[in-house]
Structures are given as C-alpha cells and as structure tokens.
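Spelled out, the chains give:
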Amino acid sequence: TQLLKQSPQFLSIQEGENLTVYCNSSSVFSSLQWYRQEPGEGPVLLVTVVTGGEVKKLKRLTFQFGDARKDSSLHITAAQPGDTGLYLCAGPSGGYQKVTFGTGTKLQVIP
Amino acid sequence: GAVVSQHPSWVICKSGTSVKIECRSLDFQATTMFWYRQFPKQSLMLMATSNEGSKATYEQGVEKDKFLINHASLTLSTLTVTSAHPEDSSFYICSLTGQGTYYGYTFGSGTRLTVV
C-alpha cells in the first residue's frame, strides 16, 4: 500500500497569511491530485499534477509536484476564510482506477 | 466532469436495522464506482470498489456481509449497512471517475449515518 502523509495535520491562521501544505510518500506516483472538502460534503478536485517538477497555479493556490514524483505541495497566498476546509492529496494506488488519499490537512482561516 | 448524486444526505436509524445509501451517476455510465468511509477529522478510507454486473471488491478489513454493495446498472450503485450498530456511525461517500484516474474523482455529497 502506498502511503501519503500530509503535514501539518492542522493549521489555523489569520486571514491574509500565506501557508504551505505538504504531501509526502516513499513511493513514486504517476500523478497526484489535490482535493478540498468542506464539512458535510464530498471532496472537490482542485488540480492534478503529472510531470515531475510541474507547477500549476489556480488563482491564489500554487501546486508543485516533486522532481522525483514522491511528494507535492500546496501553497496558498493571502488566505481567505473561504479557503477553510480539509485538504487532501491523492494518488493512484494500484488496481483499476483506485486512489489512495493522504492523511489530510485541516485548515482554518480566521477573519 | 461527471455528476454524482448521493442520497440520503443524512439518516438516523436504530441499532439492528439496515440502511440503504444510493449513488447515482447522472451523466455518465460508470462501470466502476467507489465507496468510502470517513470518520470525523480524518481522511477518506476506501471500503470497496463497486463493479457493474459483478461482485464488489472489498478492501481488507471491510465486512462484505455487513456492507452490501449492489451495482445493478451503469448509473446506480447502492451501499446497504446491515444490522447497523453505533460504531457504524460515520460519513459515507461514493465516487466515480469519468475518464480515468488522471482526471480525478467526482464525489457524491456524502451520507451522514447516525446509529442510535
């Protein structure tokens, strides 16, 4: 089983601050995805990264895939209360279309 | 992307009863759907892979006789929690991927099950 460990586990910051969430594994992944989940709802896909070293930007969110494709990071600039939620990385885990989810990072942005 | 509808969004049941959760693909014929379980403040844990027209594939440690999965059509998968107990209380989420893992999963809105 390929494990994805996220850090930090919890993060509480003031509005306007920057933050970075990390997703690490000892295994190589062909791709990694990032999701955000709000309480009582299913996760929503934010981005998929495929190429080692790839950087993708989604407004204030910047996603990076490590050169060795074993890790990824999510950086949020000038966080807003609407960014509050559970952030999950995920990667293929063998088996048809199966995906393993990371341990999750719960972010709270205080107004 | 695919659109997934999950019902009910929440349910409260008595210990010993069974509860059925539906997951519908509204715009895509899904031969494969996935069922996850999520405890508070934790990540998603895959329970089983639902295969249209055949038996579901369960992850290690998941009781197949307790969590019955039926995928009778290309647009509907159901999860039945049989003889529910308080420890079965959790958030259950279904998902499917319309075009393969690369394009990511689309999730249902989840079902909050509380067993009293």
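The structure we're discussing is the one just above.
No experiment lies behind these values; they were computed from the predicted model shown. (Residues numbered from 1 in each chain as written. Chains lettered and ligands numbered in written order. Predicted model: local features only at pLDDT ≥ 70, side-chain atom pairs only at ≥ 80, totals over all residues. Heavy atoms only, no water.)

Let us now look at the interface of chain B and chain A. Across the contact, 22 residues belong to chain B and 21 residues belong to chain A. Buried surface at the junction of chain B and chain A, both sides included, amounts to about 1800 Å², of which 58% is carbon and sulfur. Run the count over chain B and chain A and you get one salt bridge. We note a salt bridge from B:E59 to A:K98, for which the minimum N-O separation is 2.8 Å. Between chain B and chain A we count five residue pairs in polar contact (both at pLDDT 80 or more) in total. Elements that contribute at least two residues to the side of chain B that touches chain A include exactly β4 (32–38), β5 (44–51) and β9 (90–96) of chain B. Looking at the side of chain B that touches chain A residue by residue, the class counts come to 10 nonpolar, 11 polar and one charged. (Contact = heavy atoms within 4.5 Å. Buried area = accessible area lost by both parts, 1.4 Å probe. Salt bridge = Lys/Arg side-chain N within 4 Å of Asp/Glu carboxyl O. Polar contact = N/O pair within 3.5 Å; in protein donor to acceptor, adjacent residues only side chain to side chain. Helix = DSSP H or I, 4+ residues; strand = E, 2+ residues; numbered from the N terminus. Nonpolar A, V, L, I, M, F, W, Y, C, P; charged D, E, K, R; others polar.)

Here we come to a nonpolar patch on the surface. Residues and elements named next belong to chain B. Together, W10, I12 and V116 give the surface a local cluster of nonpolar side chains, amounting to about 370 Å² of exposed area. Mapped onto the elements of the fold, I12 is located in strand β2 (residues 10–13). Relative accessible area serves as the criterion here: at 53%, I12 is assigned to the exposed category. (Patch = residues over 30% accessible without salt bridge, like charges linked within 9 Å, V, L, I, M, F, W, Y side chains within 5 Å. Areas by Shrake-Rupley, 256 points an atom, 1.4 Å probe, with all protein chains shown as cover. Buried < 20%, exposed > 50% of the residue type's maximum accessible area, 1.4 Å probe, protein only.)

Another aspect to go through is the pattern of salt bridges. Applying the stated rule across the entire model yields five salt bridges over all chains. Of the charged contacts, one joins A:K56 and A:E54 as a salt bridge, the two residues approaching to 3.7 Å between their closest N and O atoms.

Here we come to the side chain of B:T78. You can see B:T78 is positioned in strand β8 (residues 76–81). Not counting residues within four places of it along the chain, the set of residues in contact with B:T78 comprises B:K20, B:I21, B:E22, B:W35, B:L68, B:I69 and B:N70.

Residue and element names in this part refer to chain B. An order of β1-β3-β8-β7 is seen for the four strands of this open sheet, with the pairing classed as antiparallel. The open sheet has two edge strands with one neighbour each: β1 (4–7) and β7 (67–73). In this sheet, neighbouring strand axes are inclined to one another by 15° on average, regardless of whether the strands run parallel or antiparallel. Pairing of strand β3 (residues 19–25) with β8, which is carried by six bridges, proceeds in the antiparallel orientation. Paired with I21 across the two strands is L79, which belongs to β8. (Pairing = 2+ DSSP bridges. Axes fitted to C-alpha atoms, helices over the stretch in contact; angles between N-to-C directions.)

Hydrogen bonds between backbone atoms are what pair the strands of a sheet, whose relative direction is either parallel or antiparallel. Residue and element names in this part refer to chain A. In space, the five strands of this open sheet follow the order β1-β3-β8-β7-β6, with antiparallel pairing throughout. Lying at the two open borders of the sheet, with one neighbouring strand each, are β1 (5–7) and β6 (55–58). Strand-to-strand, the axes of this sheet are offset by a mean angle of 15°, without reference to chain direction. Looking at chain direction, strand β3 (residues 19–24) and strand β8 (residues 71–76) are connected through six bridges and run antiparallel. Looking at the pairing, N24 lines up with D71 of β8.

Within this structure, the stated rule accounts for nine aromatic pairs over all chains. Considering the side-chain rings of B:F67 and B:Y92, the 6.3 Å spacing of their centres and the 45° angle between planes classify their relative orientation as tilted. Linking B:F67 in strand β7 with B:Y92 in strand β9, this pair joins segments that are 25 residues apart in sequence. The two residues B:F67 and B:Y92 agree in class, both being buried. Through a chain of ring-to-ring contacts, three or more aromatic side chains come together here, namely A:Y35, A:F101, B:F34, B:Y36, B:Y105 and B:F107. (Phe/Tyr/Trp six-rings, centres within 6.5 Å; stacked < 30°, edge-to-face > 60°.)

Glancing now at the state of the cysteines. Under the criterion given, the structure shown has two disulfides over all chains. Across a sulfur-sulfur distance of 2.1 Å, A:C23 and A:C89 are joined as a disulfide pair. The S-S bond linking A:C23 to A:C89 shows a torsion near 75°; that makes this disulfide right-handed. Of this pair, A:C23 sits in strand β3 while A:C89 sits in strand β9 (residues 85–92); the two residues are 66 residues apart in sequence, bridging distant segments of the chain. The pair A:C23 / A:C89 is uniform in exposure class, with both members buried. Each sulfur in the disulfide pair B:C23 and B:C94 lies 2.0 Å from the other. Every disulfide takes its handedness from the sign of the S-S torsion; for B:C23 and B:C94 that torsion is 80°, giving right-handed. One end of the pair, B:C23, is in strand β3; the other, B:C94, is in strand β9, and 71 residues separate them in sequence. With respect to burial, B:C23 and B:C94 carry one shared label: buried. Between B:C13, a free cysteine, and B:C94, which holds the nearest cysteine sulfur, the sulfur-to-sulfur gap is 18 Å. (Disulfide = S-S within 2.5 Å.)

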